[in-house]
Amino acid sequence: MSTGPSAAGKTGPLVGLKVIEMAGLGPVPLAGLMLSEMGAEVLRIERAGISQPPLSLPDEYNIDRHGRDCVST
């Protein structure tokens, strides 16, 4: 599990809400980002064996991981 922002430092209307995001295409990554930005604690579960994208960005600039903890199954 990567180190993400702690719930103690977050503010917003969704503070205290825990969300599980299943990695995929479509609106799921954007919805996870929006919920995280509004204060929810989002845990992203990624598929095992999926290769990383060719452009490796730091977590703070990667929209797929920004503000969320990630776990591979």
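Quick notes on the rules
- Residues numbered from 1 in each chain as written.
- Predicted model: local features only at pLDDT ≥ 70, side-chain atom pairs only at ≥ 80, totals over all residues.
- Heavy atoms only, no water.
- Helix = DSSP H or I, 4+ residues; strand = E, 2+ residues; numbered from the N terminus.
- Contact = heavy atoms within 4.5 Å.
- Areas by Shrake-Rupley, 256 points an atom, 1.4 Å probe, with all protein chains shown as cover.
- Buried < 20%, exposed > 50% of the residue type's maximum accessible area, 1.4 Å probe, protein only.
- Polar contact = N/O pair within 3.5 Å; in protein donor to acceptor, adjacent residues only side chain to side chain.
- Pairing = 2+ DSSP bridges.
- Axes fitted to C-alpha atoms, helices over the stretch in contact; angles between N-to-C directions.

Notes on the overall build of the protein chain
Thinking step 1. A tally of helices and strands in the protein chain yields one helix and three strands.
Thinking step 2. Traced from its N-terminal end to its C-terminal end, the protein chain shows the element sequence β-α-β-β.
Thinking step 3. Expressed as a percentage of contacts within the protein chain between residues at least 6 apart in sequence, the contacts between residues at least 24 apart total 65%.
Thinking step 4. Split by element, the accessible area of the protein chain, about 5000 Å² in all, is 64% carbon and sulfur.

A closer look at the side chain of E46
Thinking step 1. Position of E46 relative to the elements: it lies in strand β2 (residues 41-46).
Thinking step 2. On the basis of relative accessible area, E46 is assigned to the buried category, the value being 12%.
Thinking step 3. A polar side-chain atom of E46 sits 3.1 Å from a polar atom in the side chain of R44.
Thinking step 4. Dropping the residues within four chain positions of it, E46 is found in contact with A23, R65, C70, V71, S72 and T73.

Brief notes about the environment of A31
Thinking step 1. Turning to its location among the elements, A31 is positioned in helix α1 (residues 28-37).
Thinking step 2. Owing to a relative accessible area of 36%, A31 belongs among the partly exposed residues under this scheme.
Thinking step 3. Separated by 10 residues in sequence, A31 and E21 place their C-alpha atoms 8.8 Å apart.

Some remarks on the sheet that holds β2
Thinking step 1. Ordered in space as β1-β2-β3, the three strands form an open sheet in which the pairing is parallel. The sheet is open, and its two edges are formed by β1 (18-22) and β3 (69-72), each paired on a single side. In this sheet, adjacent strand axes meet at a mean angle of 25 degrees when their direction is disregarded.
Thinking step 2. Both β2 and β3 contribute to a ladder of four bridges, which runs parallel. Bridged to R44 within β3 is C70.

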